[in-house]
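# Reading the structure
The chain contents come next:
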Amino acid sequence: MLILLSVLFPILSGIILYFRNKDTANTEIKKAPYIVCVLITDALALAGAFAGGSITIFSMSERFSFTFTPDKISLWFLIAVLAVYTFVLIYAFVYMQKEEHVASFFSFYFISLGALIAICMAANLITIYFAFEVTTLSTVPLVLHERTKESFAAGMKYLFYSIGGALLGLLGVFCLYHYSMEGSITFTLGGVLDLSRTAGHEPLLYLAFFLAIVGYGTKAGMFPMHGWLPTAHPLAPAPASALLSGIIAKTGILVIIRFVFYSIGPDFLRGTWVQTAWIILCLITIFMGSMMAFREQNLKKRLAYSTVSQLSYALLGLALLTQEGLNGSLLQVMQHASAKTCLFLCAGAFIWKYGKHRVDELHGIGKSMPVVLWCLTFAGMSLVGIPPMGGLISKWFLVQGSLDAAPGIFAILAPVVLLVSALLTAGYLFPIMINGFFPGKDKKTEFDPAGNTSGIREAAPRAMWIPMICLLVISLVIGLFGSSLISLFGGIV
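Conventions we followed
Per chain, residues are indexed from 1 in the order of the written sequence. With pLDDT at 70 or above as the cut-off, local features in this predicted model cover only qualifying residues; side-chain atom pairs require 80 or more to be listed or tallied, and sums for whole chains, interfaces and linings still use all residues. Only hydrogens and water are set aside; all other atoms, that is, all heavy atoms of the structure, feed into the side-chain values. For helices the rule is a DSSP run of H or I covering at least 4 residues; for strands it is a run of E covering at least 2, with both sets numbered from the N terminus onward. Only protein chains enter the area calculation, which uses a 1.4 Å probe; residues under 20% of their type maximum are buried, those over 50% are exposed, and those in between are partly exposed. Areas reported as accessible are Shrake-Rupley estimates using a 1.4 Å probe. Residue values count occlusion only from the protein chains shown. In this tally Asp and Glu are treated as negative and Lys and Arg as positive; neither His nor the chain ends contributes. The location of each charge is read from NZ of Lys, CZ of Arg, CG of Asp or CD of Glu. To get an axis, fit a line to the C-alpha atoms, keeping to the stretch in contact for a helix; angles then go from 0 to 180 degrees between the N-to-C directions. Oblique is the label for every angle not falling under 35 degrees (roughly parallel), over 145 degrees (roughly antiparallel), or within 65 to 115 degrees (roughly perpendicular). What makes two residues a contact is simply this: any of their non-hydrogen atoms within 4.5 Å. Residue polarity follows a fixed list, in which Ala, Val, Leu, Ile, Met, Phe, Trp, Tyr, Cys and Pro are nonpolar, Asp, Glu, Lys and Arg are charged, and the others, Gly among them, are polar. Strand pairing is assigned whenever DSSP detects at least two bridges linking the two strands. A pair of aromatic rings is counted whenever rings of Phe, Tyr or Trp (Trp by its six-membered ring) have centres within 6.5 Å, and the orientation is called stacked for planes under 30 degrees apart, edge-to-face for over 60 and tilted otherwise. Both a distance and an angle decide whether a charge sits over a ring: NZ of Lys or CZ of Arg must be within 6 Å of the ring centre and within 35 degrees of the ring normal. Handedness of a crossing is defined here by the sense of rotation of the near helix relative to the far one, left-handed for an anticlockwise turn of less than a right angle and right-handed for a clockwise turn. We count a salt bridge whenever a side-chain nitrogen from Lys or Arg sits within 4 Å of a carboxyl oxygen from Asp or Glu. Throughout this description, the term nonpolar core refers to a set of buried Ala, Val, Leu, Ile, Met, Phe, Trp, Tyr and Cys residues connected via side-chain atoms within 4.5 Å. Surface patches are defined over residues having more than 30% relative accessible area and no salt bridge, joining like charges when they lie within 9 Å and nonpolar side chains (Val, Leu, Ile, Met, Phe, Trp, Tyr) when within 5 Å. In a helix, the anticipated span is given by 1.5 Å times the number of residues less one. The term polar contact refers here to a pair of N or O atoms within 3.5 Å; inside protein, the definition further demands a hydrogen-donor-capable atom paired with an acceptor-capable atom, and it admits residues adjacent in sequence only when both atoms are side-chain atoms. Every residue is assigned a pLDDT by the predictor, reflecting its confidence on a scale from 0 to 100.

Attention now goes to the overall build of the chain. The helix and strand inventory of the chain stands at 20 helices and two strands. Projected onto its principal axes, the C-alpha positions of the chain cover 80 × 55 × 45 Å. Out of the 493 residues belonging to the chain, those deemed buried represent 61%. Accessible surface, the chain: about 18,300 Å² in total, of which carbon and sulfur atoms supply 67%. For the chain, the separation between the mean place of its 30 positive charges and that of its 23 negative charges on side chains is 7 Å.

As structure tokens, this is what we get:
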């Protein structure tokens, strides 16, 4: 029942709180009910995950049921979901004071949280597919929040891409069910394919499974289905962008893990053209996303392109179909969730206080917002892979996995692309920090018109920068105690 309550409680809370506050002015909305609801959700979800067990809500047939069975993969992604959602909520209390339709935002915040918990704890392909679609439908309103023509277009693009990708994934589910052992679609280590029945049908299955990987990769921004990310992020409020990039996009990674490692079985794909094509798409996405971010001047759009690149680091690790690759992917998921959420919260603070959206408008902002800019600095270090932040260890395992197991020329090409991407990441993040702290000796900015450094104070409220620091602590823990985390992964990989 803990598992069921952890899914239903946030959804019901979001609905109830919406009707309670829909006619309330933004500044009059009480914070306490939202904080209590998210803390109860955290407690229920973690208790359910640690307790284990299984619960079936209802069965459509003997083989199709909505069932939740948490395991170690569930717990790893669940920790990332709960951490990101909890810290973003604290931040959003301040940011959303200047926005409209606040009750609607927090309502879909909680509904999407319930859907994400359902994805983490799903026990079979039917359950995870349904939760995957509910996540899309509950997060589209976050993109539509401004209710302008541009935000409507961005929301529809996100919806069409996500539904189209999910339908490609559904094709893979159909084929998998037909050729599975006794029609089982329950997640099982090593997969459920009946190899005695697949003989002679491999070309069809390879095509269906490749399309499914591309389809589920849509949520994670994998080329060529990446277009929704740089469109949706700049138009959504900063807390919504942080959720979309920090954790919601990673649902595609979790579904691919379940589909490849717990349903198909990695041995069926290893050494085939599917693995080769998957690696090629990942490398294209990594390089393209980094290059587009390097050229982009809108800060939130730059971070969105960065997400396109960084999430394909994790997808590349999965495509290697090895232990080192999966280790690197899981570490990349957690460190990116913390670092990229922090970066979007930093960008939101610049917008909230000064209305600055472009990188070239932030020169000297360190004189007014030093804490926020330091947070951006350390989060950027994590994305680049500079110790002691967590980005280094995840990239280490990805490079090691590529050198050891990538087929053919990719054993060299993959590490080279990862290195080039790291250099480009430094190229599009470090100038923001440098120009923010050191705008030039004689350059006066609106953040410090007098050109002096006396009396510097942080312009962002504590409720904005404390969540950023908490997220950076997660990245720092990954960087300092990565070996212990790898030991934990031993039971997963």
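From this point on, the discussion continues.
Time to look at the packing of helix H3 (residues 72-95) against helix H11 (residues 251-264). Relative to each other, H3 and H11 sit at 170°, their axes nearing to 12 Å. Here H3 is positioned roughly antiparallel relative to H11, judged by the angle of their axes. Residues Ile73, Ser74 and Phe77 of H3 lie in contact with H11, whose contacting residues are Ile253, Leu254, Ile257, Arg258 and Tyr262. Looking at the contact of H3 with H11 residue by residue, the class counts come to six nonpolar, one polar and one charged.

Once that is clear, we can look at the pairing of strand E1 (residues 55-59). Two strands pair when backbone bridges link them, and E1 and strand E2 (residues 65-68) are joined in this way by four bridges, in the antiparallel orientation. What sits directly across from Phe58, in E2, is Phe66. Counting the residues that bridge the hairpin from E1 to E2 gives five residues.

Overall, the coordinates contain 22 aromatic pairs when judged by the stated rule. Every member of this aromatic cluster is reached through a ring pair, and the members are Tyr34, Tyr85, Phe93, Phe105, Phe106, Tyr109 and Phe110. Here the basic side chain of Lys219 rests over the ring of Phe132, its NZ or CZ set 5.2 Å away from the ring centre. Above the face of the Tyr262 ring, Arg258 is positioned so that its terminal group lies 4.8 Å from the ring centre.

Below, the discussion takes up the packing of helix H15 (residues 323-354) against helix H19 (residues 462-480). For the pair H15 and H19, interaxial distance at closest approach is 9 Å and the crossing angle is 160°. On the basis of their axis angle, the class for H15 and H19 is roughly antiparallel. Viewed along their axes, H15 and H19 form a crossing whose handedness is left-handed. Within the contact between the two elements, H15 uses Leu331, Met334, Gln335, Ser338, Thr341, Cys342, Leu345, Cys346, Ala349 and Trp352 and H19 uses Met464, Pro467, Met468, Leu471, Leu472, Ile474, Ser475 and Ile478. Its residues assigned to classes, the contact of H15 with H19 shows 14 nonpolar, four polar and no charged.

Following the criterion strictly, the structure yields three salt bridges and no others. Among the ionic pairs, Arg270 bridges to Asp267, the shortest N-O distance being 2.4 Å. Looking at Asp267, the relative accessible area reads 62%, which means it is exposed. Across the pair Arg358 and Asp360 runs a salt bridge whose closest N-O atoms are separated by 3.1 Å.

Phe77, Phe209, Ile253, Ile257, Leu269, Trp278 and Met468 are the most contacted members of the largest nonpolar core, which has 178 residues in total. Once residues within four sequence positions are removed from consideration, Leu269 is found in contact with Tyr206, Phe209, Ile213, Val260, Ile264, Val274, Gln275 and Leu321.

Moving on: the side chain of Arg258. Looking at the element boundaries, Arg258 is found in helix H11. Residue classification places Arg258 among the buried residues on the basis of a relative accessible area of 1%. Excluding residues within four positions of it along the chain, Arg258 makes contact with Asp71, Ile73, Ser74, Cys120, Ala122, Ile128, Phe187 and Ser263.

Turning to a nonpolar patch on the surface, a few remarks are in order. A surface patch of nonpolar side chains, about 490 Å² in accessible area, is lined by Leu8, Leu12, Ile15, Ile16 and Phe19. Its location among the elements puts Leu12 in helix H1 (residues 2-21).

Turning our attention to the environment of Glu62. Inspection of the secondary structure puts Glu62 in the loop between E1 and E2. Relative accessible area serves as the criterion here: at 81%, Glu62 is assigned to the exposed category. Separated by 141 residues in the primary sequence, Glu62 and Pro203 have C-alpha atoms spaced 30 Å apart.

Let us look at helix H17 (residues 391-405). The first and last C-alpha atoms of H17 sit 21 Å apart over 15 residues, in line with the 21 Å expected at 1.5 Å per residue. Every buried residue belonging to H17 is among Gly391, Ile393, Ser394, Lys395, Phe397, Leu398, Gly401 and Ser402, and all of these are buried.

The subject of this paragraph is helix H5 (residues 125-143). For H5, spanning 19 residues, the distance from its first C-alpha to its last is 27 Å, which sits close to the expected 27 Å at 1.5 Å a residue. Within H5, 15 of the 19 residues are buried, leaving the element largely enclosed by the surrounding structure. Where H5 begins, the capping side chain belongs to Asn124, and its oxygen is found 3.2 Å from the backbone nitrogen of Ile126.

Following the sequence through the fold, Ile126 ends up in helix H5. Separated by 338 residues in the primary sequence, Ile126 and Met464 have C-alpha atoms spaced 39 Å apart. Look past the residues within four positions of Ile126 in its chain and what remains in contact with it is Met60, Phe64, Ser65, Phe66 and Ile185.

In this chain, Phe223 is followed by Pro224 through a cis amide linkage whose omega measures 10°. Looking at the secondary structure, you find Pro224 in the loop between helix H8 (202-217) and helix H9 (228-232). Positive phi values are uncommon outside glycine, yet Arg147 reaches one of about 55°. Residue position: Arg147 is located in the loop between H5 and helix H6 (149-178).

This paragraph deals with the confidence of the model for the chain. Here the chain averages 89 in pLDDT, while 96% of its residues score no lower than 70. Looking at the elements of the chain, mean pLDDT is at its lowest for helix H20 (residues 482-489), recorded as 76, and at its highest for helix H13 (residues 273-295), recorded as 95. Note that residues 450-454 has pLDDT below 50 and, in this model, four contacts with residues that lie over four places away or in other chains.

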